[in-house]
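Residue-level structure breakdown
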Amino acid sequence: MKENKYDDIEFFSEYKKMDRSIYGLKASGEWHEFEKMMPNFKNKKVLDLGCGFGWHCIYAIDKGATSVIGVDISEKMLEEARNKTSSNLITYMLKPIEEIDFKENSFDIVISSLAFHYIKSFKDICIKVNKCLSPYGDFVFSVEHPIFTAEGSQKWYYGENKDPLYWPVDRYFEEGIRETSFLNKKVTKYHRTLTTYIDTLIECKFNIKALVEPVPGKHLMDKPGMKDELRRPMMLLIAAQKIENLDLI
């Protein structure tokens, strides 16, 4: 059974209060860098994996995409996305990312924001993305940084005066399940190394175009705790391009 905390009423209620849920992309600490990595959407067919509230789907249409399919496991997420979407060029699909099965060459661009660390096999996703991407199609995504996910608790180590002293990094090379707390709920995530992300993309016939470890935008530095985000990477952004089809068995 795929984990889906976002249809939990209490969890979703707290998630909706987050700035990125209320204000969209401009309130996301990584967006000022992520946007630079986005390809030209003009006349392109786009797939958004883990589309959430649909912010990236709407952005793609605003930038000239001819069609967008947004996939998410959460009905509550998709309900919000539909309410925010006015374009009939966007279709939302209720489905776990792991279960997508689109025809070959269905899309010119595949994007994903902060979803793949919830999925056990990154390789399986890369195989599916390679299949549905057109030749030289773009694959751009963000995940939680391996330094952020390694130890598991995803909490600062605090001193006696309650100031954050350091971010613990442990079990870095021990890939697999991490149980952490997010919005006061236990959440299952999957830790993998930076090497695994890059080698898997290469193995699955992608060329790495860009890799960014973003710091929050200057316009967000007045937010509580945001300056501490300069002390360790929280996110990893990767732009890749399909170079050839995989020989699938």
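The present account deals with the structure reproduced in this document. (Residues numbered from 1 in each chain as written. Predicted model: local features only at pLDDT ≥ 70, side-chain atom pairs only at ≥ 80, totals over all residues. Heavy atoms only, no water.)

What about a nonpolar patch on the surface?
A cluster of nonpolar side chains, namely Tyr157, Leu165 and Tyr166, defines an oily patch on the protein surface of about 320 Å² accessible area. The topology assignment puts Tyr157 in strand E6 (residues 157-158). Its relative accessible area of 44% is what places Tyr157 among the partly exposed residues. (Patch = residues over 30% accessible without salt bridge, like charges linked within 9 Å, V, L, I, M, F, W, Y side chains within 5 Å. Areas by Shrake-Rupley, 256 points an atom, 1.4 Å probe, with all protein chains shown as cover. Salt bridge = Lys/Arg side-chain N within 4 Å of Asp/Glu carboxyl O. Helix = DSSP H or I, 4+ residues; strand = E, 2+ residues; numbered from the N terminus. Buried < 20%, exposed > 50% of the residue type's maximum accessible area, 1.4 Å probe, protein only.)

Focus: the state of the cysteines
Two cysteines, two sulfur atoms, one covalent bond between them: this is a disulfide. On inspection of all chains with the given rule, the structure shows 0 disulfides. Between Cys51, a free cysteine, and Cys57, which holds the nearest cysteine sulfur, the sulfur-to-sulfur gap is 4.8 Å. Looking at Cys132, it has no disulfide partner, and the nearest cysteine sulfur is the one in Cys126, 11 Å off. (Disulfide = S-S within 2.5 Å.)

Some thoughts on the environment of Tyr6
Mapped onto the secondary structure, Tyr6 falls in the segment before helix H1 (9-15). Distance from Tyr6 to Met77, taken between C-alpha atoms, is 7.1 Å for residues 71 residues apart in sequence. Not counting residues up to four positions away in its chain, the partners in contact with Tyr6 are Phe11, Phe12, Tyr15, Ser74, Lys76, Met77, Tyr118 and Phe182. (Contact = heavy atoms within 4.5 Å.)

Some points on the packing of aromatic side chains
Applying the stated criterion to the full structure yields 21 aromatic pairs. Taking 5.7 Å as the distance between ring centres and 80 degrees as the angle between the ring planes, the aromatic pair formed by Tyr15 and Phe53 counts as edge-to-face. Within this pair, whereas Tyr15 is found in helix H1, its partner Phe53 is found in the loop between strand E1 (45-49) and helix H4 (55-62), the two being separated by 38 residues in sequence. Given the relative accessible area of 13%, Tyr15 is considered buried. Relative accessible area serves as the criterion here: at 4%, Phe53 is assigned to the buried category. Ring geometry for Phe148 and Trp167: centres 5.0 Å apart, planes at 10 degrees, overall stacked. (Phe/Tyr/Trp six-rings, centres within 6.5 Å; stacked < 30°, edge-to-face > 60°.)

Some details on H4
Burial analysis of H4 places 6 of its 8 residues in the buried class, which makes it a mostly covered element. Within the sequence span of H4, burial applies to His56, Cys57, Ile58, Tyr59, Ala60 and Ile61. In the segment just after H4, Gly64 is the residue with positive phi, at about 105 degrees.

Considerations on the environment of Tyr59
Inspection of the secondary structure assignment puts Tyr59 in helix H4. According to the relative accessible area criterion, Tyr59 is buried, its value standing at 14%. Along the sequence, Tyr59 and Lys16 sit 43 residues apart, while their C-alpha atoms lie 20 Å from each other. Excluding residues that lie within four positions of it along the chain, Tyr59 makes contacts with Leu25, Trp31, Glu35, Met38 and Phe41.

What about the pairing of strand E3 (residues 90-94)?
As paired elements, strand E2 (residues 67-72) and E3 share 5 bridges and run parallel to each other. Bridge assignment links Val71 to a residue of E3, and that residue is Met93. Tracing the backbone out of E2, into helix H5 (residues 75-84) and back to the parallel element E3 gives a crossover that is right-handed. (Pairing = 2+ DSSP bridges. Right-handed = clockwise from strand over helix to strand, strands pointing away.)

Thoughts on the nonpolar core
The biggest cluster of nonpolar side chains holds 30 residues, and the ones touching the most others in it are Leu47, Leu49, Phe116, Phe139, Leu201 and Phe206. In terms of residue count, the dominant contributor to this core is helix H6 (residues 122-132) (5 residues). The residues touching Phe206, leaving out its near neighbours within four places in the chain, are Cys126, Val129, Asn130, Leu133, Phe139, Leu201, Ala240, Gln241, Lys242 and Ile243. Membership of the second largest hydrophobic core comes to 24 residues, among which are Ile61, Val68, Ile111 and Ala239. (Core = buried A, V, L, I, M, F, W, Y, C linked by side-chain atoms within 4.5 Å.)

Regarding the packing of H6 against helix H8 (residues 194-203)
One way to put it is that H6 packs onto H8 with a least axis distance of 10 Å and a crossing angle of 35 degrees. The two elements H6 and H8 meet at a crossing, and its hand is right-handed. Along its contact with H6, which presents Phe122, Lys123 and Cys126, the element H8 presents Tyr197, Thr200, Leu201 and Glu203. In terms of residue class, the contact of H6 with H8 is made up of 4 nonpolar, 1 polar and 2 charged. (Axes fitted to C-alpha atoms, helices over the stretch in contact; angles between N-to-C directions. Left-handed = near helix turned anticlockwise from the far one by under 90°. Nonpolar A, V, L, I, M, F, W, Y, C, P; charged D, E, K, R; others polar.)

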